[in-house]
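Structural characterization, general
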Amino acid sequence: MQNKMSIQGSWASRWIFILAATGSAVGLGNIWKFPYITGENGGGAFVLVYLVCILFVGIPIMMTEVFIGRRARRNPIGALESLSEESNTSTAWKGIGLIGMLAGVFIFSFYSVVAGWVLQYIQTMATGGLNGATSEQAGAYFNGLLADPQTLLIWHSIFTAMVIVVVAAGVNKGLERATRIMMPALFVLLLVLLGYAMSTDGFAAGWNFMFEFDFSKLSWDAVLVALGHSFFTLSLGMGTIMAYGAYMPKKASVGGTVLAIGALDTIVALIAGLAIFPIIFSNGMDPAAGPGLMFISLPVAFGQMAFGQFFGLLFFILIGIAAWTSAISLMEPTVAFLVEKFGMKRLNATVLLGIVCWAMGITCVGSFNFMSDYTLFGKNAFDFLDFITANIMMPLGGILIALFAGWAVKEQFAKEEIGVSDIAFSAWKISIRFVAPIAVTIVFVYNLL
Ligand code: PHE
């Protein structure tokens, strides 16, 4: 039982697993969302709370997802089912996997649209379209893009196709190959951009903004944003990490491996902040500009700097790669499920899911233009899907996975798989039984109210 392999294949080594999971974790969440929510929530103190959430909630839940996937060697629904059976408990727990698959489609639909903006900006940067632009001009450019459904739809379709091509090729020839090429490129680009930011006048200001812990700036709201984001950024609560865990080599320790992934994800988010804020401060712009920080403020800043066009282009290529490897991981759980449960060919399963995601994405394309009047609870489709996934479905999935592993699964299974010292195992158990469910429930209830 312990040495079985997933029918989808297996990562070549522990390192490839670390890079693949990091590829899933590092995405728009790190480079687009983290800097702007840090900016909106006042900087350093927010960063500190975020780090605490990653360490005490995110990492223990990630360990749980990996061990469940690896023990069962199946897609998330199948894995939850087989672990319930092994533990002689209700197989209703597999319902968590169902919520996760739905969340995957929902996240993909808005993620792909934002990734489409990134592709548009790669083109803009390459042709120097925003060189020397003022904030008004850059703002008008971004708003013009949002108002143009045709362009948005083209990029959304291209991005979806890019993801389908990789996922359809399979775990080894698709996901693993993409990981081997894209992750080193991502790290190199990130370091180049950090070096560039360090050479600007605003570096000290950017550093202080991120690491000066001024607790008077911290609100209760910010704590909740930080906890919710720790789920999103680590790809937790919706089956992705469980699916990737199913392909993890048996020998590697889950504990140490997950710590490495959590550390890499965090380092990338921090470096992204350290690359962006100095550029913002050097040009006297507002760090609290919100979601437009990356698409309006940053191009203005690049447009006024020496070699700005070149580094701006590198920056958007970096985000494009990060978004690509994350979107691939959004599809994997459901594709694995369709293949394993219904015996579908991987290609057919991927195309089918891709079409569903693409069609859902049209509602997000339309959110900024022809469908902006259609709202649900006062939100357009884009905001609504972002809201229910990050604030409801992922935390809910997270609590349920924690409760399942902490209370329903035989403790001996967790111990065998996680493979850490007794003290570390006890820490994991306390987190998974109490800390994570209680913390997440607070966020969950708060967001509902
Ligand atoms: N973690 C990704 C990011 O930070 C988003 C994501 C969520 C990817 C869930 C896969 C699954 O952008």
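Residues numbered from 1 in each chain as written. Predicted model: local features only at pLDDT ≥ 70, side-chain atom pairs only at ≥ 80, totals over all residues. Heavy atoms only, no water.

1. Thoughts on the state of the cysteines
Evaluation of the coordinates by the stated rule reveals 0 disulfides. Between Cys-364, a cysteine without a disulfide, and Cys-357, which holds the nearest cysteine sulfur, the sulfur-to-sulfur distance is 11 Å. (Disulfide = S-S within 2.5 Å.)

2. What about the pattern of salt bridges?
Under the criterion given, the structure shown has 12 salt bridges. The closest approach of N and O atoms between Arg-346 and Glu-332, which form a salt bridge, is 2.7 Å. Of this pair, Arg-346 sits in helix H15 (residues 346-366) while Glu-332 is found in helix H14 (residues 308-342), placing the two residues 14 residues apart along the sequence. Since its relative accessible area comes to 0%, Glu-332 is described here as buried. Note that Lys-429 and Glu-411 form a salt bridge whose closest N and O atoms lie 3.3 Å from each other. Note that Lys-429 is positioned in helix H18 (residues 422-448) and Glu-411 in helix H17 (residues 411-418), a separation of 18 residues in sequence. By relative accessible area, Lys-429 is classed as partly exposed at 25%. Taken together, the shared-partner salt bridges in this structure form one network comprising Arg-70, Arg-71, Glu-86, Lys-250, Glu-416 and Glu-417. (Salt bridge = Lys/Arg side-chain N within 4 Å of Asp/Glu carboxyl O. Helix = DSSP H or I, 4+ residues; strand = E, 2+ residues; numbered from the N terminus. Buried < 20%, exposed > 50% of the residue type's maximum accessible area, 1.4 Å probe, protein only.)

3. Here's the deal with the confidence of the model for the protein
Averaged over every residue, the pLDDT of the protein is 92; the share at 70 or more is 99%. Model confidence for the protein, summarised as mean pLDDT per element, is weakest for helix H13 (residues 297-303) at 86 and strongest for helix H7 (residues 149-168) at 98. (pLDDT = per-residue confidence, 0-100.)

4. Description of the site of the ligand
Not every one of the 16 residues close to the ligand is listed here, only the nearest: Ala-25, Gly-29, Tyr-111, Phe-232 and Ser-235. In the environment of the ligand, an oxygen atom lies 3.1 Å from a nitrogen or oxygen atom belonging to the backbone of Leu-28. Here an oxygen atom of the ligand sits 2.8 Å away from a polar atom, N or O, in the main chain of Gly-29. With the chains in place, 100% of the 320 Å² that the ligand exposes on its own is no longer accessible. Put simply, the parts of the chain that give the shell around the ligand at least two residues each are helix H1 (14-25), helix H2 (28-40), helix H10 (220-233) and H14. (Near = heavy atom within 4 Å. Polar contact = N/O pair within 3.5 Å; in protein donor to acceptor, adjacent residues only side chain to side chain. Areas by Shrake-Rupley, 256 points an atom, 1.4 Å probe, with all protein chains shown as cover.)

5. Quick notes on H15
With 21 residues, H15 extends 30 Å from end C-alpha to end C-alpha; this agrees with the ideal 30 Å at 1.5 Å per step. Looking at the buried side of H15, the elements it contacts are helix H5 (95-126), H7, helix H8 (171-198), H14 and helix H16 (381-408). (Expected span 1.5 Å × (residues − 1). Contact = heavy atoms within 4.5 Å.)

6. Looking at the environment of Pro-299
By the secondary structure assignment, Pro-299 is in helix H13. Put simply, Pro-299 and Leu-313 are 14 residues apart on the chain and 9.7 Å apart in space, counted from C-alpha to C-alpha. Those residues within four positions of Pro-299 in sequence are excluded, and the remaining contacts are Tyr-121, Met-125, Leu-130, Met-294 and Phe-316.

7. With respect to the side chain of Thr-233
Here Thr-233 is to be found in helix H10. A distance of 2.9 Å separates the side chain of Thr-233 from the side chain of Asp-265, its partner in a polar contact. What Thr-233 contacts, discounting residues up to four positions off in sequence, is Ala-25, Asn-30, Tyr-50, Ile-54 and Asp-265.

8. Digging into the packing of H2 against H5
Interhelical geometry of H2 versus H5 gives an angle of 80° and a closest axis separation of 12 Å. Relative to H5, the element H2 lies roughly perpendicular. Residues Leu-28, Gly-29 and Trp-32 of H2 form the contact with H5, whose participating residues are Tyr-111, Val-114, Ala-115 and Val-118. Among the residues forming the contact of H2 with H5, the class breakdown is 6 nonpolar, 1 polar and no charged. (Axes fitted to C-alpha atoms, helices over the stretch in contact; angles between N-to-C directions. Parallel < 35°, antiparallel > 145°, perpendicular 65-115°, else oblique. Nonpolar A, V, L, I, M, F, W, Y, C, P; charged D, E, K, R; others polar.)

9. Describing the nonpolar core
Ranked by internal contacts, the top residues of the largest apolar core, which has 166 residues, are Phe-67, Trp-117, Phe-295 and Phe-315. The element contributing the most residues to this core is H14, with 18 residues. Among residues more than four places away in sequence, those in contact with Phe-67 are Leu-83, Val-254, Ala-405, Val-409, Phe-413, Ala-414, Glu-417, Ile-418 and Trp-428. (Core = buried A, V, L, I, M, F, W, Y, C linked by side-chain atoms within 4.5 Å.)

10. Digging into the packing of H2 against helix H3 (residues 44-72)
In contact at an axis separation of 8 Å, H2 and H3 are set at 130° when each is read in the N-to-C sense. As the angle between them shows, H2 and H3 are arranged oblique. H3 is crossed by H2, and the crossing has right-handed handedness. Of H3, the residues touching H2 (which contributes Phe-34, Ile-37 and Thr-38) are Phe-46, Val-47 and Tyr-50. Tallied by class, residues from the contact of H2 with H3 come to 5 nonpolar, 1 polar and no charged. (Left-handed = near helix turned anticlockwise from the far one by under 90°.)

11. Focus: the packing of aromatic side chains
Counted by the stated rule, this structure contains 33 aromatic pairs. With a centroid separation of 5.7 Å and 70° between ring planes, the pair formed by Trp-117 and Phe-368 is classed as edge-to-face. With Trp-117 in helix H5 and Phe-368 in the loop between H15 and H16, the pair connects residues that are 251 residues apart, well separated along the chain. According to the relative accessible area criterion, Trp-117 is buried, its value standing at 4%. Taking relative accessible area as the criterion, Phe-368 reaches 23% and is therefore assigned partly exposed. Each ring, one from Tyr-196 and one from Phe-302, has its centre 6.4 Å from the other, and the planes form 15°; the classification is stacked. With Tyr-196 in helix H8 and Phe-302 in helix H13, the pair connects residues that are 106 residues apart, well separated along the chain. (Phe/Tyr/Trp six-rings, centres within 6.5 Å; stacked < 30°, edge-to-face > 60°.)

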